[in-house]
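A look at the structure
Chain by chain, the residues:
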There are 2 protein chains.
Amino acid sequence: MSGLNYDRVVDGRQGWAVEDSRFDPDHLAKYESIFALGNGYLGQRAALEERYAGETRGMFAAGTFDRSEPEEAPELPNLPDLTNVELTLSGCRFSLERGKLLKYARWLNLYTGELCREVEWESPGGQRFSLRFARFVSQKQLHLTGMRVEITPHGNGAQITVRTGINGQVSNTGAQHFRKGDLRLYPDGILEMSAPTGQSKIWCCLHASCRFQLAGAPAEPALRPVIQRRAIYGSAELFCPAESALVLEKLCCVHTQRDVEYAAFSGSVSVEALKHTGYALARGAAGQGYAALFQESADVWAAWWAKQDIRIDSREVYHQTAVRFALYHLNSMSSKRDARVGIPAKGLSGEGYLGHSFWDTEIFILPFFTFTCPQAARLLLEYRWHCLAGAREKARRHGYEGAMYPWESAWITDEEAAPMWDGADIVTGQPMVVLTGLIEQHITADVSYAVWQYYSVTGDEDFMRRFGYEIIIDTARFWASRAQWDAVRNAFVIKDVIGPDEYKEHVDNNAYTNYMAHWNMGLALQLMGELPERDPETAAQLDVQFSFALSREKIRPVYDRLLLPAPGADGIIPQFDGYFALSPIDLTSYKRSKRVGTIFHDYNLQQLNTMQVSKQADVLMLLLLQDGLFDDGVKRRNYTFYEARTLHDSSLSKNTHCVLACDFGAAAEAEAFFEGSCGIDLGPEMASSDGGIHAAAMGGIWLCTVYGFGGVRMRDGQLCIAPRLHSQWRRLHFPLYWQGGRLEVTVSDKSVLVENKGEKAVSLWVSGSFVTILGGAGYEQEI
Amino acid sequence: MSGLNYDRVVDGRQGWAVEDSRFDPDHLAKYESIFALGNGYLGQRAALEERYAGETRGMFAAGTFDRSEPEEAPELPNLPDLTNVELTLSGCRFSLERGKLLKYARWLNLYTGELCREVEWESPGGQRFSLRFARFVSQKQLHLTGMRVEITPHGNGAQITVRTGINGQVSNTGAQHFRKGDLRLYPDGILEMSAPTGQSKIWCCLHASCRFQLAGAPAEPALRPVIQRRAIYGSAELFCPAESALVLEKLCCVHTQRDVEYAAFSGSVSVEALKHTGYALARGAAGQGYAALFQESADVWAAWWAKQDIRIDSREVYHQTAVRFALYHLNSMSSKRDARVGIPAKGLSGEGYLGHSFWDTEIFILPFFTFTCPQAARLLLEYRWHCLAGAREKARRHGYEGAMYPWESAWITDEEAAPMWDGADIVTGQPMVVLTGLIEQHITADVSYAVWQYYSVTGDEDFMRRFGYEIIIDTARFWASRAQWDAVRNAFVIKDVIGPDEYKEHVDNNAYTNYMAHWNMGLALQLMGELPERDPETAAQLDVQFSFALSREKIRPVYDRLLLPAPGADGIIPQFDGYFALSPIDLTSYKRSKRVGTIFHDYNLQQLNTMQVSKQADVLMLLLLQDGLFDDGVKRRNYTFYEARTLHDSSLSKNTHCVLACDFGAAAEAEAFFEGSCGIDLGPEMASSDGGIHAAAMGGIWLCTVYGFGGVRMRDGQLCIAPRLHSQWRRLHFPLYWQGGRLEVTVSDKSVLVENKGEKAVSLWVSGSFVTILGGAGYEQEI
């Protein structure tokens with residue numbers, strides 16, 4: 001069981017900290033992931049300062065994809081480590097596995113973005129020390145990170161040795177990305193390491209400044225530099241009197257040739273310029289000091305929270321903290337200014353999924369951004385527009401037209417980043433083909449869905465003209481070429497795909513895929529119809545690019561005759577052709593298990609393919625996203641039918657079920673799925689987050705809260721709010737952006753209050769009533 | 001301070017074990033090195049089974065050199081790890097940093113080559129466990145290693161999880177050598193990992209078989225396979241009743257495309273064949289079991305010790321154990337059958353010096369082999385013959401003729417393996433040129449010296465015809481081209497070199513270098529003179545290759561007029577031109593320091609270059625190797641002069657001083673230097689062996705013992721034995737090979753007994769008397 005607490009009061013605030021109160025050396029990776037720091041450009045795992053067996057230090061810079069060898073998929077390389085600080089206190093190496101741990105607390109302050117640790121430690125020699133550690137990744141200066149280590153010896157003074165630097169002896173689970181580079185120690189003590197990635201040839205440059213204070217005054221211990229292969233350290237030794245504090249401030253920065261600042265250059269920024277910029281920043285940072293740099297970052301966080309916070313007055317502080325934990329990570333993982341990078345499936349918190357972006361972003365994460373900070377949503381959708389060249393190339397290579405988005409997306413020019421081969425079949429010893437990159441194709445409709453949702457919520461015509469229409473039309477063109485005529489069924493069909501349920505490979509007419517493709521084509525036809533009148537200039541440009549006439553000629557017949565799996569007599573929509581003929585299986589024991597994937601202890605994927613068992617929501621995703629297609633009865637019956645057959649072995653599953661359960665008024669189920677959604681990273685399963693937090697699960701917590709209990713949905717382009725408050729909550733308060741204005745929604749068990757904080761009037765549905773709220777006004781309704 | 005003991009009695013034998021009686025997690029690397037196992041083909045560092053922060057697992061196969069990137073020097077790649085075994089005992093991960101360590105002992109049995117550990121451990125939960133670990137690297141089947149782990153729970157039974165396999169997530173201090181390869185689990189449970197090195201494209205193939213016994217009977221826990229990136233594990237879980245032993249036997253093998261078995265092939269052996277061979281060996285080994293495989297290896301060790309053991313009856317068991325420790329490592333690091341591999345400066349016990357061979361082999365290690373097992377010496381000299389092509393290319397590239405041996409030698413076709421650049425100048429930030437590969441040139445004479453010594457001791461004409469003469473003549477041709485005419489001094493000079501003392505760069509007429517070059521040229525002239533008569537066939541072949549006339553024409557004038565720094569009026573030989581003009585410096589504090597290199601805390605290399613301070617024996621090496629050139633008075637004066645100026649910052653220094661001190665009868669100094677020589681790896685300095693044991697220091701311990709206290713030397717082709725027994729020793733017994741026969745020498749404080757165990761009579765000097773000992777007879781003389 002984890003030692004996680006959620007009620008720690010920090011700076012007088014409760015519900016703002018995730019705390020680990022019990023050092024657990026067997027599950028370091030979990031804490032490294034959930035306590036990760038980031039600002040969308042830089043992500044830093046929360047490995048402890050001192051080394052432990054089993055640790056996974058990790059730091060990643062957005063967009064720096066590299067292939068460790070030609071046959072490997074591109075991945076975000078693990079940057080040289082800055083976090084390791086080795087302390088020797090009165091001759092003994094500081095480690096929590098030694099001596100006595102008298103007091104231990106580590107907490108992530110979600111409000112300020114600071115990760116803190118307080119330790120009271122008795123060395124094996126019997127001397128007591130107080131240690132305080134803090135670090136942050138700056139929200140103000142995105143290249144900057146700061147660390148602070150404070151050591152106070154008790155009883156007697158102590159000879160203290162501190163060893164820290166930049167360690168490039170790192171890899172991604174054994175795969176090396178950085179070539180040998182340059183090491184340098186500047187006369188003022190700043191350490192520098194620069195090295196290029198092997199295949200993508202991106203130079204990354206790290207600087208570290210280390211300064212000491214003793215009893216409040218600057219101290220100058222002789223820093224003895226050590227240069228090793230791929231590593232540069234400083235080692236300092238000094239005497240610290242009893243009850244005096246020795247403080248190390250380590251301020252570091254990271255720059256890469258792929259940074260957005262250099263995106264406009266015709267070539268790469270020079271390595272010399274990169275080094276110079278980094279050195280100047282580190283030098284300036286050393287002058288300002290940890291406190292000032294941390295404060296300016298905390299100020300940015302405070303401003304963000306002022307706009308983004310969701311306040312939950314719950315009997316369980318956990319709910320409040322878990323939702324803020326999700327918001328914290330959503331902000332930490334999203335780029336503030338670079339449209340050339342997506343959100344990796346693990347954010348920037350670990351090596352899992354290689355730093356790639358999946359449909360997770362569009363379907364599970366973007367709703368949060370679209371509905372609360374659309375400028376970040378726009379950047380993420382522009383990323384998909386930048387990826388169009390690769391998507392078109394992927395379509396061409398598969399024999400299709402239009403844009404076929406990669407299942408896994410890395411750098412914008414990459415075609416498909418999914419590994420072609422993964423591991424080996426443990427029986428045959430042969431490498432196994434990874435099929436998702438080939439046949440999990442619904443992402444192409446998912447991207448268009450997110451584009452349209454963004455536009456519907458924001459009305460951002462500029463985005464649509466420059467990016468959005470092109471995506472929607474070219475993805476529709478893909479679907480038209482993807483479907484094939486089935487003479488027997490007298491319809492166009494989409495064969496051989498993987499739907500959202502990845503336990504089913506090579507299926508035909510997956511309901512989710514076909515309906516989403518159909519919607520995508522329908523939208524493109526509608527836009528090609530409307531645009532010449534509504535926006536002739538944009539229409540003319542797009543017509544040149546796609547030929548509306550030709551595109552319509554290709555899309556229209558497929559749209560009109562695409563096979564759309566209909567509910568049967570019992571109201572159940574077949575997940576794909578032949579689903580009902582699969583064998584039923586008793587899932588009780590797997591559903592009871594606290595771990596995911598336990599069914600693989602008994603069956604392999606070939607066997608699962610023949611059974612009525614789903615990894616995650618599939619038909620139910622369709623019911624949620626295409627809300628108006630089916631009546632409430634059909635939805636409920638499908639929910640009951642498919643939930644019984646779903647193992648929720650994906651982090652994408654429970655939040656969908658939570659929202660649907662809210663819709664159906666199934667409060668207990670909704671609350672259990674909410675608990676499960678929060679528990680994906682914060683729960684007691686200690687290994688599931690090793691490779692990083694689950695980015696989509698963070699978006700999922702927002703979906704549960706705002707779509708689910710908050711009852712927010714967009715239907716036919718109109719905003720609907722119909723809250724169903726969690727039984728443990730007394731009050732739920734959340735912000736929403738709608739058509740350029742800001743709304744604040746406050747739900748109690750008796751009423752819902754919608755306040756229009758913008759200037760323009762807003763019309764919307766509130767718990768069944770269509771109302772117009774003037775700018776600055778509010779509307780309250782009993783529920 | 002180390003917790004090393006030398007008096008542990010194992011199997012009734014004392015003086016055969018190095019024991020660590022105190023687990024020290026801060027100095028894991030020292031024990032990993034000194035307890036390393038090897039058989040000349042395979043070397044395995046002694047990392048503990050369970051993981052610790054700061055561990056350096058390492059395994060190396062001779063000759064598998066690879067460059068991690070084009071600019072890097074070739075190095076022996078760290079092979080995937082086999083030694084890690086993670087144990088979870090009643091839910092707690094086994095680690096000596098947890099719970100209570102009630103009893104701990106780890107010892108290397110030098111007699112059997114088995115590394116053992118016994119632990120009594122109380123888990124944090126309060127349960128007591130007895131654990132026994134053992135492993136060996138087979139001397140019988142060189143591809144094979146074995147491990148045995150035995151766990152006995154006390155009080156209650158215990159649920160035990162064992163996790164072990166083949167872990168390819170390894171690097172050489174951050175540099176990756178292996179490309180992604182293949183992983184496979186065979187139906188019988190044997191694990192396989194195969195991967196090629198990146199640049200040299202050598203496929204290495206590892207197999208591991210894991211079998212369990214419970215209470216003496218085979219147990220079949222369900223082995224759950226886990227395949228990760230570059231790693232394949234098996235995980236087994238079972239219940240072990242109280243007081244019953246659970247035993248894991250892990251038998252592994254390593255094969256590479258560079259193995260000598262495949263050397264005769266025109267191309268590489270196929271990867272499939274390599275896998276098949278390894279699988280068959282692992283399967284067979286699994287059938288035989290640990291005990292049988294260990295015994296057949298121990299039998300080979302026993303036979304080796306029967307021939308090679310040096311017996312010391314000393315008041316200090318340490319001396320006996322230290323000498324056997326040296327012999328153990330000398331045998332562990334030397335190839336038994338492959339003439340294409342040298343002895344790395346750290347043996348096969350660590351990454352230090354990249355697995356390269358230096359003059360260490362010829363001058364410090366070969367005397368042991370030449371004088372005790374000449375067949376191994378011959379292999380090592382054949383290695384140098386195989387390296388001739390590279391040596392000629394190096395000469396050509398430097399504008400010289402003949403063969404210019406690399407300062408650092410890796411694979412036989414490599415020209416110079418010394419890194420061109422190392423680290424960075426910590427002030428300028430620029431990479432620093434490594435000069436040794438360019439200008440430390442005496443190795444070319446050192447190789448010829450070892451060839452001639454081997455021939456003089458063995459009379460192996462076959463070796464000389466096929467390999468030896470060619471080396472001596474072509475190295476002489478190098479020296480003739482290397483020297484340049486100095487009109488002012490009216491002599492040939494050798495400018496801009498580094499002598500053995502590496503604290504002096506860019507010196508002219510280094511005495512050691514010039515005298516050795518002179519000797520080399522003289523020997524070549526002599527051989528070209530004698531051979532046409534003595535061995536016309538060989539002479540004719542060599543004449544075709546080198547043209548004796550032309551070679552003589554080039555060598556003779558240089559030989560006749562080479563500047564040979566002569567002793568001055570005070571008898572002191574200048575180490576190089578201008579040595580006496582360098583500043584004197586007080587070395588007291590550095591000499592007192594227990595660590596090497598402390599002078600660099602105060603001076604940099606540029607400053608040392610201007611001072612009378614030496615890293616190691618330089619002129620004194622000359623006095624030892626060219627024994628007959630100077631009279632005793634000159635030798636003593638130079639010893640006194642230079643020793644005062646020498647920091648012994650190289651592991652090559654103290655043994656030379658020990659031998660010379662013995663020669664001079666300076667018993668106390670000799671014994672102190674012997675102590676220092678043994679202490680290079682076994683002493684209290686805990687970091688100096690991190691990168692591996694010091695191979696030359698092992699040879700140096702033999703030199704101290706046999707050259708020094710045993711008083712053995714070859715002078716003018718004749719064997720001389722003039723023992724000066726260590727004051728703590730009651731008896732010293734050692735074997736010697738001489739001209740195809742075996743001698744055994746027994747020294748007491750009263751007499752020396754030389755027994756001729758061969759059939760032929762042997763004539764030699766024994767403590768001043770020239771005697772002939774008939775085959776089977778002995779000769780004793782009072783001393």
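Shown above is the structure to which this text applies.
Anyway, here's the lowdown on the structure attached to this text.

1. Let's talk about the overall build of chain A
Of regular secondary structure, chain A possesses 20 helices and 33 strands. Its C-alpha radius of gyration of 27 Å places chain A within 12% of the 28 Å reference for a compact globule of 783 residues. Oriented by its inertia axes, the alpha-carbon framework of chain A measures out at about 85 × 60 × 60 Å. The proportion of buried residues among the 783 residues of chain A is 64%. Counting contacts in chain A only where the partners sit at least 6 residues apart, residues at least 24 apart contribute 67% of the total. Total accessible area on chain A stands at roughly 27,100 Å², and carbon and sulfur atoms take up 51% of it. Counting 77 positive and 95 negative side-chain charges, chain A places the averaged centre of each group 3 Å from the other.

2. Things to note about the sheet that holds strand E18 (residues 231-240) of chain B
Two strands in a sheet stick together by hydrogen bonds in their backbones, pointing the same way (parallel) or opposite ways (antiparallel). All names here are of chain B. Spatial strand order, E7-E6-E12-E18-E17: five strands in an open sheet with antiparallel pairing. What marks the edges here is a single partner per strand, and that holds for strand E7 (92-93) and strand E17 (224-228). In this sheet, E18 lies alongside E17 in antiparallel orientation, the contact comprising five bridges. Bridge pairing links Pro225 to Gly234 in E18.

3. Section: the packing of aromatic side chains
Enumeration according to the criterion identifies 100 aromatic pairs over all chains in this entry. Relative to Trp121 of chain A, the ring of Phe94 of chain A has its centre 5.0 Å away and its plane inclined at 90°; by these criteria the two rings are edge-to-face. Of this pair, Phe94 of chain A sits in the loop between strand E7 (92-93) and strand E8 (100-109) while Trp121 of chain A sits in strand E9 (residues 114-122), and the two are 27 residues apart along the sequence. Judged on exposure class, the residue Phe94 of chain A and its partner Trp121 of chain A are both buried. Among the aromatic residues, those joined into a cluster by ring pairs are Trp16, Tyr111, Trp301, Trp304, Trp305 and Tyr328 of chain A. The ring centre of Phe641 of chain B lies 3.7 Å from the NZ or CZ of Arg645 of chain B, which sits over that ring.

4. Quick look at the environment of Gly708 of chain B
Residues and elements named next belong to chain B. Along the chain, the position of Gly708 falls in helix H20 (residues 695-709). Look at Gly708 and you get buried, because its relative accessible area is 0%. Placed 52 residues apart in sequence, Gly708 and Thr656 show a C-alpha to C-alpha distance of 8.8 Å. Here Gly708 is in contact with Val659, Cys662, Leu703 and Arg724, once residues within four sequence places are set aside.

5. Overview of the side chain of Ser650 of chain B
Residue and element names in this part refer to chain B. If you trace the backbone, Ser650 turns up in the loop between helix H17 (632-643) and helix H18 (653-664). Accessibility expressed as a relative area gives 12% for Ser650, which makes it buried. Discounting residues that sit within four places of it in the chain, Ser650 has contacts with Lys615 and Gln616.

6. Comments concerning the packing of helix H19 (residues 667-682) of chain B against H20 of chain B
Residue and element names in this part refer to chain B. Packing of H19 against H20 brings their axes to within 8 Å, and their N-to-C directions diverge by 155°. Taken as axis vectors, H19 and H20 run roughly antiparallel relative to one another. In the crossing of H19 with H20, the sense of the turn from one axis to the other is left-handed. Across the interface between the two elements, Ala670, Glu671, Phe674, Ser677, Cys678, Ile680 and Asp681 from H19 touch Ala697, Met698, Ile701, Cys704, Thr705 and Phe709 from H20. Its residues assigned to classes, the contact of H19 with H20 shows nine nonpolar, two polar and two charged.

7. With respect to the interface of chain B and chain A
Taken together, the 41 residues of chain B in the interface contact 41 residues of chain A. Both sides together, the interface formed by chain B and chain A hides about 3,700 Å², and carbon and sulfur atoms give 41% of it. At the junction of chain B with chain A, the criterion picks out 21 residue pairs in polar contact (both at pLDDT 80 or more).

8. Topic: the pairing of strand E12 (residues 158-167) of chain B
Residues and elements named next belong to chain B. Of all 10 residues in E12, eight are buried; the element is thus mostly enclosed. Bridge count for strand E6 (residues 85-89) against E12 is five bridges, and the pairing is antiparallel. When the sheet's bridge partners are listed, Thr88 is paired in E12 with Thr161. The sheet contact formed by E12 and E18 spans 10 bridges and is antiparallel.

9. Remarks on the relation of the copies chain B and chain A
Here two copies of a chain appear, and what relates them is a rotation about an axis with a shift along it. With an axial shift of 0.1 Å and an RMSD of 0.1 Å, the rotation relating chain B to chain A amounts to 180°. What the superposition gives is, in effect, a two-fold axis relating one chain to the other. Every residue of chain B has its C-alpha some distance from the rotation axis, and the shortest such distance is that of Ala53 of chain B, at 2.2 Å. Interface overlap between copies is the fraction of interface residues in one copy that are interface residues in the other; for chain B against chain A it reaches 100%, indicating a shared surface.

Rules of the game
- In every chain, residue numbers begin from 1 and rise along the written sequence.
- Just so you know, chain letters begin at A and ligand numbers begin at 1, following the order they were written in.
- Two thresholds apply to this predicted model, a pLDDT of at least 70 for residue-level local features and 80 or more for giving and counting side-chain atom pairs, whereas whole-chain, interface and lining totals are computed over all residues.
- The basis for every side-chain value is the complete set of heavy atoms in the structure, and neither hydrogens nor water enter the calculation.
- Helix and strand definitions follow DSSP, with helices as H or I runs of at least four residues and strands as E runs of at least two, each counted in order from the N terminus.
- Our radius of gyration looks at C-alpha atoms and nothing else; its globule reference is 2.2 Å times the residue count to the power 0.38.
- When accessible area is computed with a 1.4 Å probe and restricted to protein chains, residues below 20% of their type maximum are described as buried, those above 50% as exposed, and intermediate ones as partly exposed.
- Contact criterion: two residues are considered in contact whenever any of their non-hydrogen atoms come within 4.5 Å of each other.
- We get accessible surface area from the Shrake-Rupley algorithm with a probe of 1.4 Å; when it comes to residues, only the shown protein chains can shield them.
- The charged-residue count follows a simple rule in which Lys and Arg add positive charge and Asp and Glu add negative charge, with His and chain termini not counted at all.
- Lys charges are placed at NZ, Arg charges at CZ, Asp charges at CG and Glu charges at CD.
- The criterion for strand pairing is that DSSP finds at least two bridges linking the strands in question.
- Aromatic contacts are taken between Phe, Tyr and Trp rings whose centres are within 6.5 Å, Trp giving its six-membered ring; a plane angle under 30 degrees counts as stacked, one over 60 as edge-to-face, and the others as tilted.
- The rule is short: NZ of Lys or CZ of Arg within 6 Å of the ring centre and within 35 degrees of the ring normal puts a charge over the ring.
- The axes used here are C-alpha line fits, helices contributing only the stretch in contact, and every angle between their N-to-C directions lies in the interval 0 to 180 degrees.
- When describing relative orientation, an angle under 35 degrees is termed roughly parallel and one over 145 degrees roughly antiparallel, while 65 to 115 degrees is termed roughly perpendicular and anything else oblique.
- Crossings are classed by handedness, with left-handed meaning an anticlockwise turn of the near helix from the far one by less than a right angle and right-handed meaning a clockwise turn.
- When residue character is reported, Ala, Val, Leu, Ile, Met, Phe, Trp, Tyr, Cys and Pro are called nonpolar, Asp, Glu, Lys and Arg charged, and the others, Gly included, polar.
- As a working definition, buried area equals the accessible area (1.4 Å probe) given up by two parts on being put together, with both sides summed.
- Polar contacts here mean pairs of N or O atoms no more than 3.5 Å apart (in protein, one a potential hydrogen donor and the other a potential acceptor; neighbouring residues in sequence count only if both atoms are side-chain atoms).
- Superposing the copies works by least squares over the C-alpha atoms of residues that have pLDDT at least 70 in both of them.

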